[in-house]
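Chain and residue survey
Listed here are the chains, written in short residue letters.
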Amino acid sequence: MNGVNNVTVHAVLVPFPAQGHVNALIHFANLLASRGFFITFVNTEWTEKRMFGSAKLKSQLHYSKPNFRFLSFPDSLPPEHGRTSHLGELFIALVKRGDALEALLRKETGNGIPPVTCIVSDGVMSCTISVAANMQVPRVVFWPFCAAASIAQKYAYSLFSQGHIPVKISEGNRPEKMITTLPGNIPALWPSDLISFYREQFTSDPIYEAVLFESRMSDMGEYVLANTFEELEGREAAAALSNKGCPSLSIGPVFLPNFLEGENSTQSNMSMWEEDDSCLHWLDKQRPRSVLYVSFGSLALKSQEQLDELALGLEQSGYAFLWVLRSDIAQGQAAVLPEGFEERTKDRALFVKWTPQLKVLAHPSVGGFLTHSGWNSTVESISMGVPMIGWPYFGDQFLNCRFTKEIWKVGLDFKDVDVDDGRLVRREEIESAVVRVMANEEMQKKAEELKEAARKAVMEGGSSFNNINTFINDMLNRAKAQSQSFK
Ligand code: UDP
């Protein structure tokens, strides 16, 4: 845990307790740890229990590195609470947990642990504001969305004041409703691109007020980082996330530097489900770019009827597929596959509960990704050169899906899902999209270009590489100044 000139930078990282948010921050934490930072990674107790249930990763990450530790604090919800299945209640509970988090950090500092230099907080974890202020360290806001979605969230309260929120989805396609006032030189947004919890139907759900509250709080921070790269979204986009002129930099894709290094313990996500590695052996036996990977992330649900259509659409496409069937995917239940379907597709299909997704997307046999368009999945697919079919569910996924298709041109989508996520997507549409994405040379070429751009960004001399160095140097200077003032 040697810092430069015997000063150790101690970063405390605090993700929102959901899989995608934790993944982004754990990769960034690993990156900082490999550059000599001392890392305290703070989960809620619920998340920690889910992630370390198998004890596999904890031993990999925790004990193999002297400069990396995990801490956890209670979210105050009862044990039987679904957490991510009632996101609004989870947000509201967390808003009030600043005191618990601060008490934990104060208790667990000293005794050879370097003083805290900064708190790297998820952009939607406002409970860290008081902690950073009371501990007199900078709050570094880490946006786990793409820059455009982060801007839309940061400015949501202004959009609310201007009457854009709540979003009337029936007016979502009217050109005069397009949002052109956001900064950062981002493309104009349809109302349906905003975080979906701002839609009219959510106004009586606690999530609506909770995300609006987080939006109002999001300018409390002295440094801003975004998990995107300049070549994808432009330098101005990250700059528009600045709070009162503070540094605001694109540093992503944060998983990529360590992934490219091939360091085993950092090649995986930190999963709440047991990863099933057997799919990698299955992929080894398939032809290059012949397999469609199907996964809807950690939270998206589908109706049983929709899963039936999806299964039959995949079958009709004739392509091989690897399908992640999370144990709760059918509205909280396990999916029931159509009669005879597994038998009919057994020579070209594999079903798993959870994959090592980074390795799957990097596998040469994978030629397309049917995804819910979560930002991590999207940026992982971009970094691996895999074209996508977007099928958004909630949150920022509608924006990610549209940008993937229209702006970055590495994906397709299904008509009107952006304004009616309850619409049944028929098997013929699924079949057609699969065929179009798997056999699309133009999209493939574009995907290769973006893959190269992402890799260039994180390699020595690249935009994200340089921005990470700027951040590291700034924090090192703070740590040095801090150590001087202690003398
Ligand atoms: N993921 C995984 N294995 C799976 C499915 C997903 O490791 O079988 C990971 C994926 O690589 C990504 C995260 O889970 O890092 C999902 O995050 P995303 O932002 O895409 O969606 P969310 O789950 O937050 O909706």
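Remember, predicted model here, so these are calculated numbers, not experimental data.

Conventions used here
Residues numbered from 1 in each chain as written. Predicted model: local features only at pLDDT ≥ 70, side-chain atom pairs only at ≥ 80, totals over all residues. Heavy atoms only, no water. Pairing = 2+ DSSP bridges. Helix = DSSP H or I, 4+ residues; strand = E, 2+ residues; numbered from the N terminus. Axes fitted to C-alpha atoms, helices over the stretch in contact; angles between N-to-C directions. Contact = heavy atoms within 4.5 Å. Near = heavy atom within 4 Å. Polar contact = N/O pair within 3.5 Å; in protein donor to acceptor, adjacent residues only side chain to side chain. Areas by Shrake-Rupley, 256 points an atom, 1.4 Å probe, with all protein chains shown as cover. Nonpolar A, V, L, I, M, F, W, Y, C, P; charged D, E, K, R; others polar. Phe/Tyr/Trp six-rings, centres within 6.5 Å; stacked < 30°, edge-to-face > 60°. Lys NZ or Arg CZ within 6 Å of the ring centre and 35° of its normal. Core = buried A, V, L, I, M, F, W, Y, C linked by side-chain atoms within 4.5 Å. Buried < 20%, exposed > 50% of the residue type's maximum accessible area, 1.4 Å probe, protein only.

1. Looking at the sheet that holds strand S5 (residues 139-143)
The strand order S3-S2-S1-S4-S5-S6-S7 describes an open sheet built from seven strands, whose pairing is parallel. Because the sheet does not close on itself, it has two edges, and the strands there are strand S3 (68-73) and strand S7 (248-250). Pairwise comparison of adjacent strand axes, ignoring direction, gives a mean angle of 20° for this sheet. Pairing analysis gives four bridges linking strand S1 (residues 10-14) to strand S4 (residues 118-122), with the strands arranged parallel. Bridging across to S4, Val14 finds its partner in Ser121. Here helix H6 (residues 128-135) sits on the sheet and contacts S1, S4 and S5; the angle it forms with S4, its principal contact strand, is near 175°.

2. Structural notes on the site of the ligand
Not every one of the 19 residues close to the ligand is listed here, only the nearest: Ser298, Thr355, His372, Ser377 and Glu380. Note that an oxygen atom of the ligand is positioned 3.3 Å from one of the side-chain N or O atoms of Gln357. Interatomic distance of 2.8 Å between a side-chain N/O atom of His372 and an oxygen atom of the ligand. Computed on the free molecule, the ligand has an accessible area of 540 Å², of which 96% lies beneath the protein chains in the complex. Looking at the shell around the ligand, its residues break down into four nonpolar, 14 polar and one charged.

3. A word on the packing of aromatic side chains
Applying the stated criterion across every chain yields a total of 24 aromatic pairs. Grouping aromatic residues by their ring pairs yields a cluster made of Phe28, Phe142, Tyr223 and Phe471. Sitting over the ring of Trp273, Arg50 keeps its end group 4.9 Å from the ring centre. The ring of Phe296 has Lys302 lying over it, and the distance from NZ or CZ to the ring centre is 4.7 Å.

4. Re the nonpolar core
One recurring pattern in soluble globular proteins is that nonpolar side chains are buried together. In terms of nonpolar packing, the biggest core is built from 133 residues, with Phe28, Ile39, Phe41, Val120 and Phe471 touching the most fellow members. Top contributing element to this core by residue count: helix H1 (residues 19-34), with nine residues. If sequence neighbours within four positions are ignored, Ile39 has contacts with Ala11, Leu13, Ala29, Leu32, Ala33, Asn67, Phe68 and Arg69.

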